[in-house]
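Chain by chain, the residues run as shown.
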Amino acid sequence: MRTDELEKLVRISVCADGLSATLAVQAGVDLTDVSADTVAALLEGRGIRVPSKLDESVEALKQQIAKHPDEEAEIVIARGVAPVHGKDGAFELDPSLSEEEGAKQRAECEDDADHYDRSAFVIVEEGQRVGRLLPHTEAEDGLDVRGKTIKAIPGRPCKIKFDETLRVSADGDIDALEYGRLEITVDRIRVQPVLVVSESVDFSTGNVDFPKDVLVQKGVRDCFTVQAGGSLEIVELVEAATVRAEGSILLRRGMAGRGKGEISTGADLETKYLDAVEVSVQNDLRIQRELTNCKTYVGRCIQSPTCSVVGGQLDVRFGGEVRNLGGEAEGETLVRIGIDPKLDEQAKELEELVPRVINHVSQATLELDQLRKMATKLTATQAESMTSLQFEIMTGQTRLASIAAGLQRMLEAYEQLSRCTLLVEKSIMPGVTIVIGGKAAVVREMVRGPVEIVLSESGTLMLRQPGGDSSMPLSAKAKLVPAKGVADIAELGRILENPIFKDVKAAA
Amino acid sequence: MKILLVDDSKTMRNIQKSVLSQLGYSEIEEACDGQDALSKVKAFGPDLLLVDWNMPNMDGLSFVKAYRQDDKVTPIIMVTTEAEKSRVIEAIKAGVNNYVVKPFTPDLLSQRIQETLEKCAAA
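Please read all numbers here as calculations on a predicted model, not as lab measurements.

J.: It is not clear to me how the sheet that holds strand 3 (residues 73-79) of chain A should be interpreted in this structure. Could you clarify?
T.: Strands pair in a sheet through their backbones, by hydrogen bonds, and they do so in one of two ways: parallel or antiparallel. All names here are of chain A. Here we have three strands laid out as an open sheet, ordered 1-2-3, and antiparallel in their pairing. Looking along the sheet, the strands with just one partner apiece sit at the ends: strand 1 (10-14) and strand 3. Across the sheet, the mean angle from the axis of one strand to that of its neighbour is 20°, orientation sign disregarded. Sheet topology note: the strand 2 (residues 20-25)/strand 3 ladder contains six bridges and is antiparallel. If you follow alanine 21 over to strand 3, its bridge partner there is alanine 78. Docked against the sheet, helix 2 (residues 36-45) engages strand 1, strand 2 and strand 3, running at close to 50° with respect to strand 1. Helix 3 (residues 54-67) rests against strand 2 and strand 3 of the sheet, and its axis sits at about 170° to strand 3.

Encoded structure:
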């Protein structure tokens, strides 16, 4: 069969991408005497490159027609070469960090998972491998069935930028150079030394525990915990949560603890209000509006001239300034000034220790006296017992001398703390209990400010006009009551009056 | 300074150790009798010895005599209940440098130790 005859019996089509050409034959057409050369001439006539194994293709087509003579036959007669596009360079997260993420997601699906503890943040340590930089690959052009080049798209280098918080080695390993949160965006990866939580701390973030500064741009929901190794700032409301920072805490709104909230800071705390929260502040407390129904300890001063302290307990080591003490409802408000829990604990330990040591020394002295009286000529055992008793007495006396010095320092510290004052700008309401230097009084009649609450040198609770000489005993407006739960300074002083301490001093 | 305490009473050794540590000496070895002490002196090489007289196995005097055969210099203080003059002389003859009679106060022991060390340093 000639080429022009064949052309009328078959249909040759090239696919859109030019990578293959098919030859189709209608049913009933007989191609038994068509040679591969005829087909080759037909393809050349269409501008299609003749494949090397055309003979096999033509033979396969003939077999197809023979097998199904009543059906249209079709075969791929020529193939091009597909282009190989290059791959772009990319960042691959280290599997350990990916596993961490995976574990979090699995935990999310489990019934017993602690959803509060599930953190949404990837925290990396200094020197930790965070991932790998995959290099881009070269491209290889293709050819279509007509022999035309199909251009391949080359791979591009990774466009992600790594800042100075990461080190990229020559072989593509990426290590963190700082401790912090690994932040991955489309075009940038870095370790953030400040953890910025752009939403509220809730089930979407889990608890937050970060070794450096933390900024929560919204609030903190019930029962969640936020811990910062540095400072902590929370922009919106904190509910009955736990908030801790080794540095300062700034709550731009406040905290409604509902009796379950806790806040503690190793430095200062500044906020608008705190309600029903357990508060521990190592340094200064600054509140703009209210401190209501809180149990509060302030390690230095309360510097809150516009704040009302209503209900609860406020213990302040060095005094300070507030606007009001107590509320209209005459609820119980306990304000204790010059409180140092560590000192109180030491005082308690000494109070328990002193009688034991005194008893031990007295007992040894008594036994020694008895031995001296009993024996005219000592046996070896008696002599050794006496040596032992003398040693016990000496050791006890040395211990008592050191206790006496400690007690003296303690009394001086208490004396200093009892000189702290609290300035109240506007009013002290009935129902407020004030404790300074082991003296306590419950206010019965409203006291108008500005007024300073002080303990006089003679040990009387006084109300003093700030900057002036005018003062009056607090008992004029309050009922004096025994101070509970504070160290009894007078009792500590009486310990030193024990005659054994005089002997100790004389021996020293 | 290395000090060897030889006494069968643990309480006495503890008292002596406490006095020595107050004087600033912390390198202290203990022996519970003369035999035990003899087995330790070579390895420990003490600079001062405090020795009791009455002990089981080997008494203090026998130990001092045995020890002085090899070492005539290192000071020895006898700490004992044997207070009779003849006993003291016997001990001095055996090579004891100073003598503390039980019962003693920590201050007295401390004083004797210092006195002995000063004398030996001057010699």
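Moving on from the coordinates now.
J.: Mind showing me how you'd approach the packing of helix 6 (residues 380-418) of chain A against helix 7 (residues 489-496) of chain A here?
T.: A pair of packed helices can be characterised by two numbers: the angle between their axes and the separation between those axes. Residue and element names in this part refer to chain A. In contact at an axis separation of 10 Å, helix 6 and helix 7 are set at 150° when each is read in the N-to-C sense. Regarding the angle of helix 6 to helix 7, the classification is roughly antiparallel. Relative to helix 7, helix 6 is oriented so that their crossing is left-handed. Two secondary-structure elements touch here, helix 6 through Ala404, Leu407, Gln408, Met410, Leu411 and Tyr414 and helix 7 through Ile489, Leu492, Gly493, Ile495 and Leu496. For the contact of helix 6 with helix 7, the per-class residue count stands at nine nonpolar, two polar and no charged.

J.: Explain the side chain of aspartate 33 of chain B to me, please; I cannot follow it from the model alone.
T.: Residue and element names in this part refer to chain B. Here aspartate 33 lies in the loop between strand 2 (27-31) and helix 2 (34-44). Buried and unpaired, aspartate 33 has lysine 40 as its nearest opposite-charge partner, separated by 8.6 Å. A distance of 3.0 Å separates a polar atom in the side chain of aspartate 33 from the backbone nitrogen of glutamine 35. Contact partners of aspartate 33, with chain neighbours within four places excluded, come to Val6, Met55, Pro56, Asn57 and Met58.

J.: Mind showing me how you'd approach the pairing of strand 24 (residues 320-325) of chain A here?
T.: Within a regular beta strand, the side chains point alternately toward one face of the sheet and then the other, so they alternate between its two faces. All names here are of chain A. As defined by bridge partners, strand 23 (residues 302-316) adjoins strand 24 across five bridges and the pair is classed as parallel. Along strand 24, the bridge assignment pairs isoleucine 302 with glycine 320. Across five bridges, the pairing between strand 24 and strand 26 (residues 422-428) is parallel. Residue glycine 320 lies in a different strand from strand 26, and its bridge partner there is leucine 422.

J.: Teacher, can you tell me more about helix 5 (residues 106-122) of chain B here?
T.: An α-helix turns once per 3.6 residues; consequently, residues spaced three or four apart project the same way. Residues and elements named next belong to chain B. Over its 17 residues, helix 5 extends 24 Å from the first C-alpha to the last, a length consistent with the 24 Å expected when each residue adds 1.5 Å. When we look at burial in helix 5, the residues that qualify are Pro106, Leu109, Ser110, Ile113, Thr116 and Leu117. Each buried residue of helix 5 sits inside an arc of 135° when the element is viewed along its axis, so together they form one side. Away from its buried face, by an angle of more than 90 degrees, helix 5 presents the exposed residues Asp107, Glu118, Lys119 and Ala122.

J.: Which parts of the structure should I look at to understand the interface of chain A and chain B?
T.: Size of an interface, as often reported, equals the accessible area lost when the parts are brought together. In this complex, chain A contributes ten residues to the contact, which on the side of chain B involves 14 residues. Across the interface of chain A and chain B, roughly 1100 Å² is buried in total on both sides, 72% from carbon and sulfur atoms. With a closest N to O distance of 2.7 Å, glutamate 384 of chain A and lysine 102 of chain B form a salt bridge. Run the count over chain A and chain B and you get two residue pairs in polar contact (both at pLDDT 80 or more). Residues belonging to the side of chain A that touches chain B are distributed by class as follows: six nonpolar, three polar and one charged.

J.: Would you mind going over the nonpolar core with me for this structure?
T.: Nonpolar side chains in soluble globular proteins tend to be buried together. With 58 residues, the main nonpolar core has Leu325 and Ile428 of chain A as its most contacted residues. Ignoring anything within four residues of it in the chain, the contact list for leucine 325 of chain A reads Val309, Val335, Leu422, Val424, Ser427, Ile428, Met429, Val432 and Ile453 of chain A.

J.: Help me out: how do you make sense of a negative patch on the surface in this one?
T.: Residue and element names in this part refer to chain A. On the surface, Asp37, Asp55, Glu56 and Glu59 cluster together to form a negatively charged patch. Counting residues per element, the negative patch draws most heavily on helix 3, at three residues. The topology assignment puts aspartate 37 in helix 2.

J.: Help me understand the sheet that holds strand 4 (residues 90-93) of chain A in this model?
T.: All names here are of chain A. Strand order in the open sheet formed by four strands is 4-6-11-10, with antiparallel pairing between adjacent strands. The sheet is open, and its two borders are formed by strand 4 and strand 10 (166-168), each paired with just one other strand. Ignoring which end each strand starts from, the neighbouring axes of this sheet average 25° apart. Sheet analysis places strand 4 next to strand 6 (residues 129-134), joined by four bridges and oriented antiparallel. For leucine 93, the partnering residue across the bridge sits in strand 6 and is glycine 131.

J.: Explain empty space enclosed by the protein to me, please; I cannot follow it from the model alone.
T.: Residue and element names in this part refer to chain A. This model, assessed by the stated rule, comprises two cavities of 30 Å³ or more. Along the walls of the largest cavity sit 15 residues, with Gly338, Ile339, Tyr414, Gly437 and Gly438 positioned nearest its centre. Residue assignment for the lining of the largest cavity shows that the elements contributing at least two residues are helix 6 and strand 27 (432-436). The leading source of residues in the lining of the largest cavity is helix 6, at three residues. Of the residues that constitute the lining of the largest cavity, the class distribution is nine nonpolar, four polar and two charged. The space that makes up the second largest cavity amounts to roughly 50 Å³. If you trace the second largest cavity, you find it lined by Leu23, Leu31, Val34, Val39, Val58, Leu61, Lys62 and Ile77.

Conventions adopted
- Residues numbered from 1 in each chain as written.
- Chains lettered and ligands numbered in written order.
- Predicted model: local features only at pLDDT ≥ 70, side-chain atom pairs only at ≥ 80, totals over all residues.
- Heavy atoms only, no water.
- Pairing = 2+ DSSP bridges.
- Helix = DSSP H or I, 4+ residues; strand = E, 2+ residues; numbered from the N terminus.
- Axes fitted to C-alpha atoms, helices over the stretch in contact; angles between N-to-C directions.
- Contact = heavy atoms within 4.5 Å.
- Parallel < 35°, antiparallel > 145°, perpendicular 65-115°, else oblique.
- Left-handed = near helix turned anticlockwise from the far one by under 90°.
- Nonpolar A, V, L, I, M, F, W, Y, C, P; charged D, E, K, R; others polar.
- Buried < 20%, exposed > 50% of the residue type's maximum accessible area, 1.4 Å probe, protein only.
- Lys, Arg positive; Asp, Glu negative; His and termini not counted.
- Salt bridge = Lys/Arg side-chain N within 4 Å of Asp/Glu carboxyl O.
- Polar contact = N/O pair within 3.5 Å; in protein donor to acceptor, adjacent residues only side chain to side chain.
- Expected span 1.5 Å × (residues − 1).
- Arc of directions from axis to C-beta.
- Buried area = accessible area lost by both parts, 1.4 Å probe.
- Core = buried A, V, L, I, M, F, W, Y, C linked by side-chain atoms within 4.5 Å.
- Patch = residues over 30% accessible without salt bridge, like charges linked within 9 Å, V, L, I, M, F, W, Y side chains within 5 Å.
- Areas by Shrake-Rupley, 256 points an atom, 1.4 Å probe, with all protein chains shown as cover.
- Charge placed at Lys NZ, Arg CZ, Asp CG, Glu CD.
- 1 Å grid on protein atoms, 1.4 Å probe; cavity = no way out; pocket = protein on both sides within 12 Å on 5 of 7 lines; lining within 4 Å.
- Points joined across faces, edges and corners; volume = space filled by probe spheres on them.

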